[in-house]
Amino acid sequence: MWQEYSIGLLLVFIAAAMAFFALVIEKDDLHRLLLLDLVEVPSLAIIALLGTDLAEALILPGLVVGIAELLALSQIYVTKEGLRERKVQGLNIEVIQADAPLIISVLLICYGVILSGFTGGGVAGLGVVFYFMARGHREHFELLEMASGISWAIWIFAFFVFMFIPEYWLLALFMAAIGILLKVIVKMSLVGTMWGDGNG
Amino acid sequence: MGMDNPGGIPYFILEFGDELVYFSPYTVSLFILALVFTLFAVIAKPERQVDIVFGGDAFYAKETSLAELKFRRFMAIACGFASMGAMVTGDIFNFTLFISLVGICNVGIVAAVKNRHVQNAAYQYGIVALSATVPLFGAAALIAATTGTLSMVELWSNAALAVPLVVKALLVLGVMGEGMAPFYAAKAEMFRAPGAPYVIMCSLSSLLIFLRVIEVVLVI
């Protein structure tokens, strides 16, 4: 097992070195931002190499911190370069304007609901994001935010059930799975509708 | 306790299962420093920077708008909380997370200033901070891989658990990238941003995490 870990570590360090080298020779700011994503991956891969439950618990905060920094940096880039906001009215491609987004989104959402939990939320959320991106949007954000808040509360409540009345674990499990599913879907669809919006 | 802790014997150790927070004389004094400066950031009003026109009596007074003030004050307070967390945590991974949070907040404190030079400096600094997460999280993961624990108390009380020197070096490198003073001061443009109490939070947090990482490296 140690053998495999060492080889994996070596590969990750090679990947990190390549990404850093690219970062050094690249001079364009936007390209640097994109390359940073490449740098982020090895840092998560080192954690993932642990291959235990602990690694799974550590990757999530690591990923969140990375995404937060990336979002902050891209926002600074937009302000720094003085880029104007453009209204995006859906993608102007023939296939997208037909029924394709609807079908693909429905498939993704169904699959996501079957998966349930965090992964399912991600898959279903991707479907919703894709639909919003393809169609443009006129949604009530407050409603989506409220749904997100309520599902988060369900998720937290389920954890309290686990802690204080463990004999109802099955109910808590379903509540937690559905709560996180809804929350991730809503959060991702909010991300999908955010672009081009001034107050987003 | 098998080995001595250079930071003094902890007054008490607060445990949340595996994660823990410990208050030794050293960490408590750093914590109080961070707390005091966070309170300063809460109550202080921003400075009004004045540029004197060379060779005349005229001057420009730079106003800080209310929206900008609110955002920067929020970021400074968040930075204070992140530093406080980094000062007392006894878990290596939480320590690295708090450090990267300090990095984001430092960028945020200056990024609200609508000045192209300041924004450019903040952007470049953000790139350094983001790429520093590789050695930072890498060090935490390698510590878990070589010793099987992330708890600092466990690492210093059990003499059998030795962290390799390379891993310690990676940890220091990561903290340096996230906001240690020498790198930070090189970005002089960032300090050109008006609004004194908030920019001081950047320097103070980098000083604090510098002092804490010395303790961490000596302890583990």
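Residues numbered from 1 in each chain as written. Chains lettered and ligands numbered in written order. Predicted model: local features only at pLDDT ≥ 70, side-chain atom pairs only at ≥ 80, totals over all residues.

I tried to follow the overall build of chain A on my own but got confused; where do I start?
When you go through chain A residue by residue, the secondary structure sums to 8 helices and 0 strands. Mapped from its N terminus to its C terminus, chain A presents α and β elements in the order α-α-α-α-α-α-α-α. In chain A, which comprises 200 residues, the proportion classed as buried is 25%. (Helix = DSSP H or I, 4+ residues; strand = E, 2+ residues; numbered from the N terminus. Buried ≥ 20, exposed ≤ 12 C-beta atoms within 10 Å, placed from the backbone.)

Hey, could you run me through the overall build of chain B in this one?
A tally of regular secondary structure across chain B gives 10 helices and 4 strands. Reading the secondary structure of chain B in the N-to-C direction produces β-β-α-β-β-α-α-α-α-α-α-α-α-α. Here the contacts in chain B between residues at least 6 apart in sequence split such that 73% fall between residues at least 24 apart. (Contact = placed C-beta atoms within 7 Å.)

Before we go on, may I ask you to explain the domain arrangement of chain A in this structure?
Interface size is often expressed as the accessible area that is lost when the parts come together. In terms of domain boundaries, chain A breaks down into domain 1 (2-80) and domain 2 (94-194). Of note, the centres of domain 1 of chain A and domain 2 of chain A, computed from C-alpha atoms alone, are 27 Å apart. (Domains from an automatic or database assignment.)

What's the story with the nonpolar core in this structure? I'm lost.
General note: in soluble globular proteins, nonpolar side chains tend to be found buried as a group. Formed by 83 residues in total, the largest nonpolar core has its most connected members in Val102, Ile109, Ala122 and Met201 of chain B. For this core, the element with the highest residue contribution is helix α3 (residues 92-111) of chain B, accounting for 14 residues. (Core = buried A, V, L, I, M, F, W, Y, C linked by C-beta atoms within 7 Å.)

Would you explain the packing of helix α1 (residues 25-43) of chain B against helix α2 (residues 66-88) of chain B in this entry?
Between two packed helices, what matters for the description is the angle formed by their axes and the separation of those axes. Residue and element names in this part refer to chain B. Following both chains from N to C, one finds α1 and α2 inclined at 170°, their axes separated by 9 Å at the closest point. Here α1 is positioned roughly antiparallel relative to α2, judged by the angle of their axes. Side by side, α1 and α2 meet where Thr27, Leu30, Phe31, Ala34, Leu35, Phe37, Thr38, Ala41 and Val42 of the first sit next to Arg73, Ala76, Ile77, Gly80, Phe81, Ser83, Met84, Met87 and Val88 of the second. Each residue belonging to the contact of α1 with α2 can be placed in one class, and the counts come to 13 nonpolar, 4 polar and 1 charged. (Axes fitted to C-alpha atoms, helices over the stretch in contact; angles between N-to-C directions. Parallel < 35°, antiparallel > 145°, perpendicular 65-115°, else oblique. Nonpolar A, V, L, I, M, F, W, Y, C, P; charged D, E, K, R; others polar.)

It is not clear to me how the interface of chain B and chain A should be interpreted in this structure. Could you clarify?
Listed as interface residues are 24 residues of chain B and, on the opposing side, 30 residues of chain A. Mapped onto the side of chain B that touches chain A, the elements with two or more residues apiece are α3, α4 (116-131) and α5 (133-147) of chain B. Considering every element that reaches the side of chain B that touches chain A, the biggest residue donor is α4 of chain B, with 10 residues.

I would appreciate a short explanation of helix α3 (residues 53-80) of chain A in the present structure.
Because an α-helix packs 3.6 residues into every turn, residues spaced three or four apart end up facing the same way. Helix length check: α3 of chain A, at 28 residues, gives a terminal C-alpha distance of 41 Å against a target of 40 Å (1.5 Å per residue), a fit within 8%. Where α3 of chain A is buried, its residues contact α2 (29-48) of chain A together with α3, α4 and α5 of chain B. Trailing α3 of chain A by a residue or two, Gly82 of chain A shows a phi angle of about 60°, which is positive. (Expected span 1.5 Å × (residues − 1).)

Help me out: how do you make sense of the environment of Leu218 of chain B in this one?
Residues and elements named next belong to chain B. Considering the arrangement of structural elements, one finds Leu218 in helix α10 (residues 196-219). Of the residues examined, Leu218 has 13 C-beta atoms within 10 Å and is grouped as partly exposed. As a C-alpha pair, Leu218 and Lys168 span 50 residues in sequence and 9.2 Å in three-dimensional space.

Would you mind showing me how to read the confidence of the model for chain A here?
Low-pLDDT portions of the prediction should not be read for the details of their coordinates. Residue and element names in this part refer to chain A. Of all residues in chain A, 82% attain a pLDDT of 70 or more, and the chain-wide mean is 79. Taken element by element, the predicted model of chain A shows its lowest mean pLDDT in helix α4 (residues 94-97) (68) and its highest in helix α1 (residues 2-25) (88). Low pLDDT, under 50, characterises residues 196-200; the predicted model gives this stretch 6 contacts beyond four residues in sequence or across chains. (pLDDT = per-residue confidence, 0-100.)

Explain α2 of chain B to me, please; I cannot follow it from the model alone.
Between its terminal C-alpha atoms α2 of chain B stretches 33 Å, which fits the 33 Å expected from 23 residues at 1.5 Å a residue. Where α2 of chain B is concerned, the buried positions are Arg72, Arg73, Met75, Ala76, Cys79, Gly80, Ala82, Ser83, Met84, Ala86, Met87 and Val88 of chain B.

Would you explain the environment of Ala121 of chain B in this entry?
Along the polypeptide, Ala121 of chain B turns up in helix α4. Taking the C-alpha atoms as reference points, Ala121 of chain B and Ala141 of chain B, separated by 20 residues in sequence, lie 31 Å from one another.

Before we go on, may I ask you to explain the confidence of the model for chain B in this structure?
Residues and elements named next belong to chain B. Per-chain confidence: chain B averages 79 in pLDDT, with 85% of residues scoring 70 or above. Within chain B, helix α8 (residues 181-186) has the poorest average pLDDT of any element, 53, and α5 the best, 88. Both confidence scores are given for the complex: pTM 0.76, ipTM 0.75.

I'm lost on the packing of α3 of chain B against helix α7 (residues 165-179) of chain B in this one. Help?
Residues and elements named next belong to chain B. At a closest axis distance of 8 Å, the pairing of α3 and α7 adopts a crossing angle of 20°. Classified by the interaxial angle, the pair formed by α3 and α7 is roughly parallel. The two elements α3 and α7 cross, and the hand of that crossing is left-handed. When α3 is examined against α7, the residues Thr96, Ile99, Ser100, Val102, Gly103 and Asn106 are found in contact with a partner set consisting of Gly174, Val175, Glu178 and Gly179. For the contact of α3 with α7, the residue count by class is 3 nonpolar, 6 polar and 1 charged. (Left-handed = near helix turned anticlockwise from the far one by under 90°.)

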